[in-house]
Amino acid sequence: MESLRRASPNFFVLSGDVGEDLRLLTNIYTDLPKWGNVPLTLLCGSYSPTLLVQDTIARMQEHAKAGRVHFVPNSKQWWEVEGKLQIDSVASILIEALQNTRG
């Protein structure tokens with residue numbers, strides 16, 4: 001919570017734009033062909049909004065059968081400022097994804 005108190009006004013402006021950004025991208029993602037076996041790693045906050053984020057992630061995963069969804073613990077959407085647990089979790093997922101791409 002301390003990070004949120006120190007966050008710049010731009011953080012809150014960007015947070016407010018998330019829904020509009022998703023609305024604009026919906027048509028683009030709807031028309032995309034299947035991606036095949038793309039080694040895709042999707043991250044989603046465990047407390048992120050179901051309709052705007054979690055359902056969208058599930059639909060994106062359908063496009064990439066090799067895609068994996070990871071939930072960032074105790075996170076809504078902005079893991080970057082939510083705390084050490086969230087940052088460490090994302091770092092761990094990123095390390096695993098990079099190791100998996102090396103074969």
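Thresholds applied
- Residues numbered from 1 in each chain as written.
- Predicted model: local features only at pLDDT ≥ 70, side-chain atom pairs only at ≥ 80, totals over all residues.
- Heavy atoms only, no water.
- Helix = DSSP H or I, 4+ residues; strand = E, 2+ residues; numbered from the N terminus.
- Polar contact = N/O pair within 3.5 Å; in protein donor to acceptor, adjacent residues only side chain to side chain.
- Patch = residues over 30% accessible without salt bridge, like charges linked within 9 Å, V, L, I, M, F, W, Y side chains within 5 Å.
- Areas by Shrake-Rupley, 256 points an atom, 1.4 Å probe, with all protein chains shown as cover.
- Salt bridge = Lys/Arg side-chain N within 4 Å of Asp/Glu carboxyl O.
- Expected span 1.5 Å × (residues − 1).
- Buried < 20%, exposed > 50% of the residue type's maximum accessible area, 1.4 Å probe, protein only.
- Arc of directions from axis to C-beta.
- Contact = heavy atoms within 4.5 Å.
- Core = buried A, V, L, I, M, F, W, Y, C linked by side-chain atoms within 4.5 Å.

Draft legend 1. Representation of the side chain of Ser 75 in the model. Looking at where Ser 75 falls in the secondary structure, it is placed in the loop between strand 2 (68-72) and helix 4 (79-82). For Ser 75, the side chain forms a polar contact with the side chain of Glu 82, separated by 2.5 Å.

Draft legend 2. Geometry of a nonpolar patch on the surface. Taken together, the side chains of Met 1, Leu 4 and Phe 12 make up a nonpolar region of the molecular surface, amounting to roughly 330 Å² of accessible area. Tracing the backbone shows Phe 12 in helix 2 (residues 9-30).

Draft legend 3. Region of the structure containing helix 5 (residues 84-101). With 18 residues, helix 5 extends 26 Å from end C-alpha to end C-alpha; this agrees with the ideal 26 Å at 1.5 Å per step. Turning to helix 5, its buried residues number three or more, namely Gln 86, Ser 89, Val 90, Ile 93 and Ala 97. Buried residues of helix 5 fall within an arc of 95° about the axis and therefore sit on the same side. Within helix 5, the exposed residues directed more than 90 degrees away from the buried face are Lys 84 and Gln 99. In this structure, the buried residues of helix 5 make contact with strand 1 (41-45), strand 2 and helix 4.

Draft legend 4. The arrangement of unusual backbone geometry in detail. The residue Asn 74 is not glycine, and still its phi comes out positive at about 50°. Note on placement: Asn 74 falls in the loop between strand 2 and helix 4.

Draft legend 5. The nonpolar core, seen in detail. One finds Leu 42, Cys 44, Val 53, Ile 57 and Met 60 forming the largest nonpolar core, which totals five residues. Residue assignment for this core shows that the elements contributing at least two residues are strand 1 and helix 3 (50-63). Tallying contributions element by element places helix 3 first for this core, with three residues. Residues contacting Leu 42, with those up to four places away along its chain left out, are Ile 57, Met 60, Gln 61, Arg 68, Val 69 and His 70.

Draft legend 6. Local environment of helix 3. In a regular helix each residue adds 1.5 Å, so 14 residues correspond to 20 Å; helix 3 covers 19 Å between its end C-alpha atoms and thus fits that length. Of the positions making up helix 3, those classed as buried are Val 53, Thr 56, Ile 57, Met 60 and His 63.

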